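Observations on the three-dimensional arrangement
Single-letter residue listing:
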Amino acid sequence: MITRIVSNNFEIPDSHTMDVALSNGRYSSLKPVFEKEPQELIDIIKASGLRGKGGGGAAAGNKWQIVSDWEGTKYVVVNADESEPGTFKDRRILSLDPHLLIEGIIATCYAVGSNTSYIYVRGEYEEFSDILQDSIDEAYEKNFLGVGAQYRVDITIHRGAGAYICGEKSALLESLEGNRGHPRLKPHSPKPEFYFNEPTLVNNVETIASVPFILENGAEAYRAYGTEKSPGTMLFGISGNITKPGIYEVEFGVSMLEYIEKVGGGVKNGKKLKAVIPGGASTPILPFEMLKEARLDYENLRDLGSALGTGGMIVMDEDASMVKALKNLLRFYHHESCGQCTPCREGTSWSDKILDRFVAKRATMEDLEMLRSVSKTMNGKTICVFAPAASGVIDGFLKHFESEFLECIV
Amino acid sequence: MSFSYTQENSIKIASLLNRYPQKKALILPLLWLAQKQDSYISEDAMGHISEFLNMPYMHIYSVATFYTMFRLTKPQKRIIEVCRTLSCELNGSEDIKKYLDNNYSKEFEIIEVECMGACSGAPMCTVDGKYHENLTTEMIDEVLK
Ligand SMILES: Cc1cc2nc3c(=O)[nH]c(=O)nc-3n(C[C@H](O)[C@H](O)[C@H](O)COP(=O)(O)O)c2cc1C
Ligand code: SF4
Ligand code: FES
C-alpha cells in the first residue's frame, strides 16, 4: 500500500548528508530542469495536477504561473510552520531528506524566476531546522546554491516563534517582514502573495519536495498515482488511538479504513473505532459509520462533509469522549486566534468557556443553543479561514455526536 | 544594564543583513539572538534592536509580545513544555502533566503547550527545547535525573 516518492530516502541512514544524498539521486533532477525553459517547467507542473499539501490543495501550477507572470523581484517562500494539530509530516522532510527540499526549491525558483527563497520553520523545530541548515551549508559548498551555482538561488531559514496563525500564508509573510503574524485581507482577483510588495510564491514543504520527482519523470509519471482530480501521493499521518502512529506515504484515493488497518495497524489495544478527524484539527470529524466510504482524496472527503486538509488523521476509539475532544480543540482555537476579527476573538473564547460547562456536566439547553449560534457568527466574514474552520469543527461534533452533548445537560 | 550582542552574534547579524530586502525583516532573528544570549529578551535588548533598526520601541515590543516563544522575563528554572493537544491527550498527556507537577516542579517550570508536531510520539514534552516522545513516567525520570 505504501508508495515512496517523497519518502523514498527517509529510511536511508544519514540521508541529510550531501554524500549520501548525492548517491541516492538527490539533485539529479536539476540537469533536465536547466535544459528546459522555465515556462516548460510550469507547464509540466500544471499537467501533473500537483496540489498544495499545506491544507488547501490549491493547484500548484496555477500559482506558479501567476507569480511568473507578475512583474517584480520574485520570492519563493516555503511554509514549514506545520502547526496544525495532527500534522507532523514536513518535519520528516526537513530532518530526513532536506536535500530533496533544497533541490525542489532550486527548481521552483528557476521556474518562476526567483533568486531568493525563505524557509519559514516553526520555532519549536529548532533541532530539525539545524539539520536543514547544515544541509543548506553543504549545498552552498557544492555550488548548488549561491553565486557559484548554475542558476543562483539563496536560501535563508527564518525561524518562527510560536504562533499557529503564522502558518496562514499572508500572516507568515507579515511575520517574515518583521511584524505580528496577522493575516491580510484577501484580494478579489487572482494575485500572487506579496513580500515587501514584490510577487511571492508560498508553497508547503511537501509540495516543493514533490517537484523533483515530477520534473525528472514527467507529469504522467506523477499522474500514474492517485485519482483524476487528486493526482499523486501524500505523506499521510496517523495519530491518536492507533497501534502504529506515524507518517506513511500512499497514493490519493485509497480507502481510509484500509489505511488505518494496513499501515496504521488498527485501533490500539483492540478497541473499536469511533471516529476520525481526517486531515488535521481544523477538518470536521467523521463518525465510524461514514468511514466505510471514506477515501483519502480531496473530493471524497469534501463530499462526506469534511476535508483532506493536511492528511493528518486523528483516530479516536470507543472510549474517547467527544465532549472532551471538542473542548480540547476549542481550547486550541481560543489560544491561537490572532484576535484581529471580533467574531473570531469572541467566538473562540465563548465556545471554549461553554464547553467547560459541558465537560463538568452542568450545561443547559441555552448553552447548546449559544454554542450553535456562536459557531454561526464565526462562519461569517473574517479576514482568514481560521474562524470558519473552528465553526466547521463545532458543527461536525454537534452533527454526529449530539447525544453525547445532550447527556451533559442538567 | 545596557545590552549589546556578542562579537559572534554581531558577525551573524552582519551576514543576515544581506539576506533580506529590508532591515526590518531582521526583527525576529534579532529577538532570537537576544534571547539565546541572555535566556530572555530584556527591555534593553529591545531598545538596542529599536535603535539598530531605527524603528519605534513600541513596534519591537508589540512583535516580541505576539509570539509565545519569546520570553520577556528571565526564566528562574529550566523549562519543560508538555503538549496538551488532542493526539497527546488521547495518549495520556494529562497524567504526564500531573506526574511532572508532582515530582519536578521545584527544579523546572512546567508549561502546557499546543501541538508540537510530534503527534506520532504522543505523549510528548520538550526539556530545554529538546523533544522527548512516547513518554512514560520511567522515561521522564531517566531524562530528568
Ligand atoms: C489558520 C491556517 C494555518 C495554516 N497553517 C499552515 C501550515 O502550518 N503549513 C502550511 O504549509 N500551510 C498552512 N496553511 C495554508 C497556507 O495558508 C497556504 O495555503 C499554504 O502554505 C500554501 O501552500 P500549498 O499550496 O503548497 O499547500 C494554513 C492556513 C490557515 C488558514
Ligand atoms: S479569523 Fe481569527 S485568526 Fe483569522 S485573522 Fe481573524 S482573528 Fe485572526
Ligand atoms: S498533539 Fe501533541 S504533538 Fe501533536
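Residues numbered from 1 in each chain as written. Chains lettered and ligands numbered in written order. Predicted model: local features only at pLDDT ≥ 70, side-chain atom pairs only at ≥ 80, totals over all residues. Heavy atoms only, no water.

1. Looking at the overall build of chain A
A count of helices and strands for chain A gives 17 helices and ten strands. By the compact-globule yardstick of 22 Å for 410 residues, chain A fits well, its C-alpha radius of gyration being 22 Å. Once the C-alpha set of chain A is aligned to its principal axes, its extents read approximately 70 × 45 × 35 Å. Across the 410 residues in chain A, those meeting the buried criterion constitute 61%. Total accessible area computed for chain A in this model is approximately 15200 Å², and 49% of it derives from carbon and sulfur atoms. (Helix = DSSP H or I, 4+ residues; strand = E, 2+ residues; numbered from the N terminus. Rg over C-alpha atoms; globule rule 2.2 N^0.38 Å. Buried < 20%, exposed > 50% of the residue type's maximum accessible area, 1.4 Å probe, protein only. Areas by Shrake-Rupley, 256 points an atom, 1.4 Å probe, with all protein chains shown as cover.)

2. Section: the site of ligand 2
Every one of the 13 residues lining ligand 2 counts as a neighbour, but Cys338, Gln340, Cys341, Cys344 and Cys384 of chain A are closest to it. Residues belonging to the shell around ligand 2 are distributed by class as follows: nine nonpolar, four polar and no charged. (Near = heavy atom within 4 Å. Nonpolar A, V, L, I, M, F, W, Y, C, P; charged D, E, K, R; others polar.)

3. A few points about the interface of chain B and chain A
Across the boundary between the two partners, chain B contributes 39 residues, which contact 61 residues of chain A. Carbon and sulfur atoms supply 52% of the area buried between chain B and chain A, which totals about 4000 Å² over both sides. Looking only at chain B, the three residues that lose the most surface to chain A are Arg19, Phe66 and Leu86 of chain B, adding up to 17% of its buried area. Counting the contacts that link chain B with chain A gives five salt bridges. Note that lysine 130 of chain B is salt-bridged to glutamate 127 of chain A, the shortest N-O span being 4.0 Å. The interface formed by chain B and chain A includes 34 residue pairs in polar contact (both at pLDDT 80 or more). Breaking the side of chain B that touches chain A down by element, the ones donating at least two residues are helix H2 (27–38), helix H4 (57–66), helix H5 (86–90) and strand S4 (130–132) of chain B. (Contact = heavy atoms within 4.5 Å. Buried area = accessible area lost by both parts, 1.4 Å probe. Salt bridge = Lys/Arg side-chain N within 4 Å of Asp/Glu carboxyl O. Polar contact = N/O pair within 3.5 Å; in protein donor to acceptor, adjacent residues only side chain to side chain.)

4. Some thoughts on the site of ligand 1
All names here are of chain A. The local shell around ligand 1 holds 18 residues, among which Gly54, Asn79, Asn203, Asn204 and Thr207 are the closest. One of the backbone nitrogen or oxygen atoms of glycine 167 is found 3.2 Å away from a nitrogen atom of ligand 1. Here an oxygen atom of ligand 1 and a side-chain polar atom of asparagine 203 are 2.8 Å apart. Contact with the protein chains removes 89% of the 610 Å² of surface that ligand 1 exposes when unbound.

5. With respect to the sheet that holds strand S9 (residues 286–287) of chain A
All names here are of chain A. Taken in spatial order, the five strands make up an open sheet running S7-S6-S10-S8-S9, and their pairing is mixed. Each having just a single partner strand, strand S7 (246–251) and S9 make up the two edges of the open sheet. Bridge analysis of strand S6 (residues 233–240) against strand S10 (residues 312–317) gives four bridges, and the strand direction is parallel. Counted as the bridge partner of serine 239 is isoleucine 314 from S10. (Pairing = 2+ DSSP bridges.)

6. Side note on the domain arrangement of chain B
Interfaces are often sized by the accessible area lost when the parts come together. Taken domain by domain, chain B comprises domain 1 (7–66) and domain 2 (78–143). The distance between the C-alpha centroids of domain 1 of chain B and domain 2 of chain B comes to 31 Å. (Domains from an automatic or database assignment.)

7. Some details on the environment of leucine 355 of chain A
Residue and element names in this part refer to chain A. In this fold, leucine 355 is placed in helix H15 (residues 342–359). Taking the relative accessible area as the measure of exposure, leucine 355 reaches 0% and is therefore buried. The spacing of leucine 355 and serine 255 is 100 residues in sequence and 33 Å in space, taken between C-alpha atoms. Those residues in contact with leucine 355 that sit more than four places away from it in its chain are Val323, Leu326, Lys327, Leu330, Leu371 and Phe405.

8. Re unusual backbone geometry
Looking along the chain, the bond that leaves alanine 122 of chain B and enters proline 123 of chain B is cis, with omega of -5 degrees. With respect to the helices, strands and loops of the structure, proline 123 of chain B is situated in the loop between strand S2 (108–113) and strand S3 (125–127). Positive phi, close to 45 degrees, is recorded for phenylalanine 196 of chain A, a residue that is not glycine. Of note, phenylalanine 196 of chain A is situated in the loop between strand S4 (193–195) and strand S5 (198–204). Here asparagine 197 of chain A, not a glycine, exhibits a phi torsion of approximately 70 degrees, which is positive.

9. A look at the nonpolar core
Ranked by internal contacts, the top residues of the largest apolar core, which has 83 residues, are Tyr195, Phe358, Phe397 and Phe405 of chain A together with Leu31 and Tyr67 of chain B. Residues contacting phenylalanine 405 of chain A, with those up to four places away along its chain left out, are Met322, Val323, Leu326, Leu355, Phe358, Leu368, Phe397 and Leu398 of chain A. Formed by 65 residues, the second largest nonpolar core is a distinct cluster that contains Leu50, Val78 and Leu132 of chain A together with Ala122 of chain B. (Core = buried A, V, L, I, M, F, W, Y, C linked by side-chain atoms within 4.5 Å.)

10. Brief notes about the pattern of salt bridges
Side chains that carry opposite charge are capable of pairing whenever their charged atoms lie near each other. Residue and element names in this part refer to chain A. Under the counting rule described, the total for this entry stands at 31 salt bridges over all chains. Note that glutamate 177 and arginine 184 form a salt bridge whose closest N and O atoms lie 3.1 Å from each other. Owing to a relative accessible area of 9%, glutamate 177 belongs among the buried residues under this scheme. Through salt bridges with shared partners, a single network forms among Lys89, Asp90 and Glu206.

11. Here we look at the pairing of S10 of chain A
Residues and elements named next belong to chain A. Burial of S10 is extensive: six of the six residues sit out of reach of the surface. Of the two faces of S10, both are covered, the one formed by Gly312, Ile314 and Met316 as well as the one formed by Met313, Val315 and Asp317. Sheet topology note: the strand S8 (residues 273–277)/S10 ladder contains four bridges and is antiparallel. In the sheet register, isoleucine 277 faces S10, and the bridge partner there is isoleucine 314.

12. Section: the sheet that holds S3 of chain B
All names here are of chain B. Within the open sheet, the four strands sit side by side as S2-S1-S3-S4. Their pairing is mixed. The two strands at the open ends of the sheet, each matched to only one other strand, are S2 and S4. Taken pair by pair, the neighbouring strands of this sheet meet at an average axis angle of 25 degrees, ignoring direction. Relative to S4, S3 runs antiparallel, the two sharing three bridges. Directly across from cysteine 125, in S4, lies its bridge partner histidine 132. (Axes fitted to C-alpha atoms, helices over the stretch in contact; angles between N-to-C directions.)

13. Notes on the domain arrangement of chain A
All names here are of chain A. In terms of domains, chain A is made up of domain 1 (18–223), domain 2 (233–317) and domain 3 (322–406). Between the C-alpha centres of domain 1 and domain 3 the distance comes to 34 Å. Facing the twelve residues of domain 1 at the interface are seven residues of domain 3. In total, about 820 Å² of surface goes out of reach between domain 1 and domain 3, with carbon and sulfur atoms giving 73% of it. Taken as a group, Tyr164, Ile165 and Pro183 account for 53% of the area that domain 1 buries against domain 3, more than any other trio of residues on that side.

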